Amino acid sequence: MRDRADLVIVGGGVVGLSLACQLARMGFCDVVVLEQGYLCFGASGRNGGGIRQQWTTEENILLMKESVRLFRRMAAETNYNIWFRQGGYLFLARDGKTASTLEANMKLQNRLGVPTRMVSPERARGIVPGLDTRGVEVCAYNPTDGVLFPFPALWGMAKVATQLGVEINTYTRVTDIQTRGKQIVKVVTDRGAIATSRVVNAAGAWSWQIARMLGVELPNKPYRHEILVCEPLKPFLDPMVSDLSDGTYFSQTMRGEICGGISDPEEKSSMETRSSFRFLHRMCRSMLRLLPRLADVKVMRQWAGYYDETPDGNPILGPVEQVDGFIQLNGFGGHGFMLAPAIGRQAAEWLLRKVDHPMFEKYDLGRFARGEVEREIFVIG
Amino acid sequence: MAKTIVCRCEDVCIEDLKLGFEQGLRELEELKRHTGLATGFCQGKCCIAHAARFLARLKGGDDMVADPPRTRPLLHPTPVYRLAGELEAEPEGDGEP
Amino acid sequence: MTRARRIDRGPGCPFERGAQVEFRFEGRTVQGYEGEPLAAALLANGVQVFGRSIKYHRPRGPSCMLGHCSGCLLRVDGVPNVRSCEHACRSGIAVERQRGWPSARTDLFRTVDWVYGRRLDHHEMFTASAAINRLAMRFVRRMSGFGDPPSADPPAAARLERFEAEVVVIGAGAAGMHAALALAGEHRKVTVFEADPRPGGRLLDGACRIGRDGGAERGWAHLAGIEEQLRDCEGVELRPGTPVLAVYQGERGHEVLASNRGETCVVDAARIVVATGAHGQIPLFENDDLPGIFSLRGLDRLLLGWGVLPAQPVLVAGGAPAVDLAVELVERGVETGLLTDLEDARIAELEKRQVTVVRGQRIIRALGAKWIDRVELGPEGSQTPELVLDCGLLAAGLADAPAYELAHHAGCRVEFHSESGYRVVGDERGRSSNAHVFTAGHCAGAPDVERAIESGTRAGMACALSLGEDPDLARRLDARCAADG
Ligand SMILES: Cc1cc2nc3c(=O)[nH]c(=O)nc-3n(C[C@H](O)[C@H](O)[C@H](O)COP(=O)(O)OP(=O)(O)OC[C@H]3O[C@@H](n4cnc5c(N)ncnc54)[C@H](O)[C@@H]3O)c2cc1C
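About the thresholds
- Residues numbered from 1 in each chain as written.
- Chains lettered and ligands numbered in written order.
- Predicted model: local features only at pLDDT ≥ 70, side-chain atom pairs only at ≥ 80, totals over all residues.
- Heavy atoms only, no water.
- Helix = DSSP H or I, 4+ residues; strand = E, 2+ residues; numbered from the N terminus.
- Rg over C-alpha atoms; globule rule 2.2 N^0.38 Å.
- Contact = heavy atoms within 4.5 Å.
- Areas by Shrake-Rupley, 256 points an atom, 1.4 Å probe, with all protein chains shown as cover.
- Lys, Arg positive; Asp, Glu negative; His and termini not counted.
- Charge placed at Lys NZ, Arg CZ, Asp CG, Glu CD.
- Buried < 20%, exposed > 50% of the residue type's maximum accessible area, 1.4 Å probe, protein only.
- Pairing = 2+ DSSP bridges.
- Axes fitted to C-alpha atoms, helices over the stretch in contact; angles between N-to-C directions.
- Near = heavy atom within 4 Å.
- Polar contact = N/O pair within 3.5 Å; in protein donor to acceptor, adjacent residues only side chain to side chain.
- Nonpolar A, V, L, I, M, F, W, Y, C, P; charged D, E, K, R; others polar.
- Buried area = accessible area lost by both parts, 1.4 Å probe.
- Salt bridge = Lys/Arg side-chain N within 4 Å of Asp/Glu carboxyl O.
- Domains from an automatic or database assignment.

### Some details on the overall build of chain A
Here is step 1 of the chain: The helix and strand inventory of chain A stands at ten helices and 19 strands.
Here is step 2 of the chain: Computed over C-alpha atoms, the radius of gyration of chain A comes to 20 Å, within 12% of the 21 Å expected from 2.2 N^0.38 for 381 residues, which places it in the range of a compact globule.
Here is step 3 of the chain: Once local pairs closer than 6 in sequence are excluded, the contacts in chain A between residues at least 24 apart make up 74%.
Here is step 4 of the chain: Accessible surface, chain A as shown: approximately 13200 Å² in total, 50% of it carbon and sulfur.
Here is step 5 of the chain: Where the 46 positive side-chain charges of chain A centre and where its 41 negative ones centre are 4 Å apart.

Here you go:
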């Protein structure tokens, strides 16, 4: 393991690796990534791989558009199949308020070049044969959203970064970060220390722990989010189906498995990753309600990961006041995977070329103290 | 040369494990994710012991593979309809008379 | 190689089957016995290829016969991926094979296996350019998936029951049943879940013997004995055909999820005894996945349990359990060969009866297009065959792998032993690292049935003791453990 680096990235999830990969591509390779487990250990290896551009704010929509563009090229660029399939996202609204939100979102999305359209329940049944639309008022459908397989996206980015000279250390846990005054001097791990003056905190749900090593309190809270996967079957479901009334989402992967989850309003913040019967039961009930033909489809496996949630549903990006060279790239909740390519790229530009991305001011940690928060309401899967 | 299949469900052969190991995958959790080993219908009942033996030999001892990959429910693939019933009786709450 | 046929199951066979029935297999009418496993019925009808594998389209067939592997998956009455070794044969069912073009029997996509003789790297294929990749994804999507989605009328949600139990015993094999008996003896209420419709676990193996020397008791006979005891036992509820799917560590304690065709239950269990036995294993050699290759227990169940002999000669390979099985097969007039490193009186006896016994050799590869017809043997470590044997059916034994999974769900510590695999860590009283979970039998590493039985009794007693103080019980348990030093 190197003993010094220009920049240390804590966290080998999709966010940390995307940044490492982009930095390396821009010629900045004196970077070490530290990951306490294997690649895919964190949320990035436990998510549903849903990639959508149906968002509510201009920034998010543009970021996701950029991500989709990058994901479309990723397999060829990294020489690693990510099995990205643009089968669309179909959002179901069961009440008037949700319906009008979808309608307003659609207008904004259309203006920004995302071809979302409102579809009637009948049309929705055409897109998803067998969909039970009783009680559904209207749906929003964007055919260019999609799903991918998360693991290889990480491996591909890691491969490119490594080939370009970045060092990625798995099974290496950061235990301390040392400072002199406001300056970072050293990152300490259970496998040795690395002298550096810059640290990126991309530790996902563990980010608050990393920040605390430097006396910085993040408002992020980890929440368990569970998910399941069914047996692989021949293609029969194109889009990701998501019911906004209870936060259910599921789609069919390239391998043919139905994969999805459901929000749980009763879940309390914790560092728990065990699976629960409660989730399995709620999810199966919801799947059966939405698509009765799933009744005889077998559930293979369930697991859990964390959503790293912030009070306003938006990430925490950029520098902090207390410590120089300590950069946040965390708080991605339930949509960090889809954001990662675009965020990684912008963060790399911002770090290296000082390109001004207003995000890094708007979403800095200081916003909470300043009281400048604007909640992103569309956080599902 | 014919293939030696370690995991029949996912068609993982011994060459896949060898190559994975050469590429630096030293843990069952990693081999599992790269090859798909133990993620098929049998959920590892037929292959985990083989894969662990393979790794133990290369890493020099049984204690090098002390932990199996995290075992995820369900033990057997089970249809959705069987898991979606209405709960008939909730256990009694703590403070009940 | 002779054709598939049925053989006499011998006296005391614990598997019941009904009258002869007819059902549909890919448009033709075939016969089987009501209640026998569908896989057994098809093998008896000479069906050899049950399906094709996911990536290389290699032929697949049953191999464990106990609901563990994926070799026997079929489409039954419009439901994909049904384990035919677990699905009971019934009149009028419609059965089809999955995958393969134009058919599972003759599948042109098998060429993938030949073209990529060493391995196919699905991670890197088709990544030359973004355009090629996008085009390839369409093709890949069509090729992927194991079976068409269900076409039968979707069933309604099954009944779901939630109840509390003092003790849940998982597995009604030798260890689990003795644990239940011990618990009942201490007036504890026990619910026993068993995946197999027929309780008994390893005692159901036709070759199972308890006690090696002259007085050896047959597993089938011992089973009949315990079943009688259990029937008279108040406080034990046995639920066969109901596999436990998961053990969750919920806020209130442990939740055991179990399910059968008719209903599913979630049990809030104060204590759990994990006695889940072991999974049959097949050693690694080239073409180890060829149809016609079974685990020792798989072949035992098929031949001795259900009386189906798909082909001859049978080669049985392995240690003591293989010898047990070979003896049993010879007894029933099956043309049998034995590959073993053991030497004992029984083997000498077999040799006298003209049974081919091969020593000091390992299986290097199995040969055959869609079903095994020969094996190549050579010394340990060598890849050059010294011997080729005709072989219509191979039972290749490696030590069974302990079924540690459910204990692992419950957070119990497990440890690895190369000879068998991961096993649940338990002390001499069956206490696991989780104070609420006990373990006994093969899943905890018991080497044979006698010790599985003893460990079951102890785990039952220790479990009862953990539920309430009882100096007398404590003394009895101490004495039992002291007996073997
Ligand atoms: C069930 C589920 C479904 C989801 N579905 C989607 C979806 O469909 N679409 C989508 O876009 N997003 C989804 N998400 C969210 C998405 O997975 C996350 O937002 C994203 O992966 C976050 O990436 P990350 O790199 O920030 O965090 P992580 O992937 O968690 O990476 C952080 C890494 O830091 C490491 N680390 C922590 N502490 C230390 C330390 N001290 N030393 C060294 N390393 C350390 C961790 O091990 C971890 O690997 C889902 C999440 C879950 C849990």
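### So, the pairing of strand 2 (residues 20-25) of chain C
Residue and element names in this part refer to chain C.
Here is step 1 of the chain: What you see with strand 2 is a clean split: V21, F23 and F25 sit on the buried side and Q20, E22 and R24 on the side with no burial.
Here is step 2 of the chain: Taken together, the six bridges between strand 2 and strand 3 (residues 28-33) define a ladder with antiparallel strand orientation. Its bridge partner being in strand 3, F23 is matched across the sheet by V30.
Here is step 3 of the chain: The turn joining strand 2 and strand 3, which pair antiparallel and follow one another in sequence, is formed by two residues; a positive phi near 45° is taken by E26.

### A word on the sheet that holds strand 23 (residues 362-367) of chain C
Each strand in a sheet pairs with its neighbour through backbone hydrogen bonds, running either in the same direction (parallel) or in the opposite one (antiparallel).
Residue and element names in this part refer to chain C.
Here is step 1 of the chain: Read across the sheet, three strands follow the order 23-24-25 without closing on themselves; strand pairing throughout is antiparallel. Both edges of this open sheet fall to strand 23 and strand 25 (387-390), since each of them pairs with a single strand only. Direction aside, neighbouring strands of the sheet carry axes that sit 25° apart on average.
Here is step 2 of the chain: In this sheet, strand 25 lies alongside strand 24 (residues 374-378) in antiparallel orientation, the contact comprising four bridges. Bridging from a neighbouring strand, R374 pairs with D390 of strand 25.

### Some thoughts on the site of the ligand
All names here are of chain A.
Here is step 1 of the chain: Lining the immediate environment of the ligand, one finds 39 residues, of which E35, S44, V174, G336 and M338 sit closest.
Here is step 2 of the chain: Note that an oxygen atom of the ligand is positioned 2.4 Å from one of the side-chain N or O atoms of S44.
Here is step 3 of the chain: G333 places a polar main-chain atom, nitrogen or oxygen, 3.1 Å from an oxygen atom of the ligand.
Here is step 4 of the chain: Relative to its unbound accessible area of 990 Å², the ligand is 98% covered by the protein chains.
Here is step 5 of the chain: Secondary-structure elements contributing two or more residues to the shell around the ligand are helix 1 (14-25), strand 13 (221-230), strand 17 (298-309) and helix 8 (336-352).
Here is step 6 of the chain: Across the shell around the ligand, the residue classes break down as 17 nonpolar, 19 polar and three charged.

### Quick look at the interface of chain B and chain C
Here is step 1 of the chain: Residue-level contacts link 54 residues of chain B with 69 residues of chain C.
Here is step 2 of the chain: For the pair chain B and chain C, the summed buried surface comes to about 5300 Å²; carbon and sulfur atoms form 55% of the total.
Here is step 3 of the chain: The largest contributions to the chain B side of the interface with chain C come from K3, R8 and R82 of chain B, which together make up 15% of the buried area.
Here is step 4 of the chain: For the pair chain B and chain C, the number of links is four salt bridges.
Here is step 5 of the chain: For the salt bridge of D11 of chain B with R60 of chain C, the shortest nitrogen-to-oxygen distance reads 2.8 Å.

### Side note on the domain arrangement of chain A
Residue and element names in this part refer to chain A.
Here is step 1 of the chain: For chain A, the assigned domains read domain 1 (7-46 + 151-219 + 312-370) and domain 2 (84-146 + 221-309).
Here is step 2 of the chain: Each of domain 1 and domain 2 was reduced to a C-alpha centroid, and the two centroids are 30 Å apart.
Here is step 3 of the chain: If you look at the interface, domain 1 gives 14 residues, while domain 2 gives twelve residues.
Here is step 4 of the chain: Carbon and sulfur atoms make up 58% of the area that domain 1 and domain 2 hide from each other, which totals about 1000 Å².
Here is step 5 of the chain: Considering only the surface of domain 1 that becomes buried against domain 2, R46, A205 and G333 emerge as the three largest contributors, covering 48% of it.
Here is step 6 of the chain: Inspection of the domain 1/domain 2 interface yields zero salt bridges.

### Notes on the pattern of salt bridges
Here is step 1 of the chain: A full pass over the atoms with the stated rule returns 74 salt bridges over all chains.
Here is step 2 of the chain: Where R370 of chain A meets E372 of chain A, a salt bridge forms, and the shortest distance between an N and an O atom there is 3.0 Å.
Here is step 3 of the chain: Here E372 of chain A falls in the partly exposed class, since its relative accessible area comes to 47%.
Here is step 4 of the chain: Taken together, the shared-partner salt bridges in this structure form one network comprising K3 and D11 of chain B together with R58, R60, R110, D113 and D289 of chain C.

### Some remarks on the sheet that holds strand 20 (residues 314-317) of chain C
Residue and element names in this part refer to chain C.
Here is step 1 of the chain: With parallel pairing, the five strands of this open sheet are ordered in space as 18-26-20-21-22. Only two strands of the sheet have a single partner each, and these edge strands are strand 18 (293-294) and strand 22 (356-358).
Here is step 2 of the chain: When strand 21 (residues 336-339) meets strand 22, the two strands line up parallel, connected through three bridges. Residue pairing in the sheet places G337 in a bridge with T356 of strand 22.

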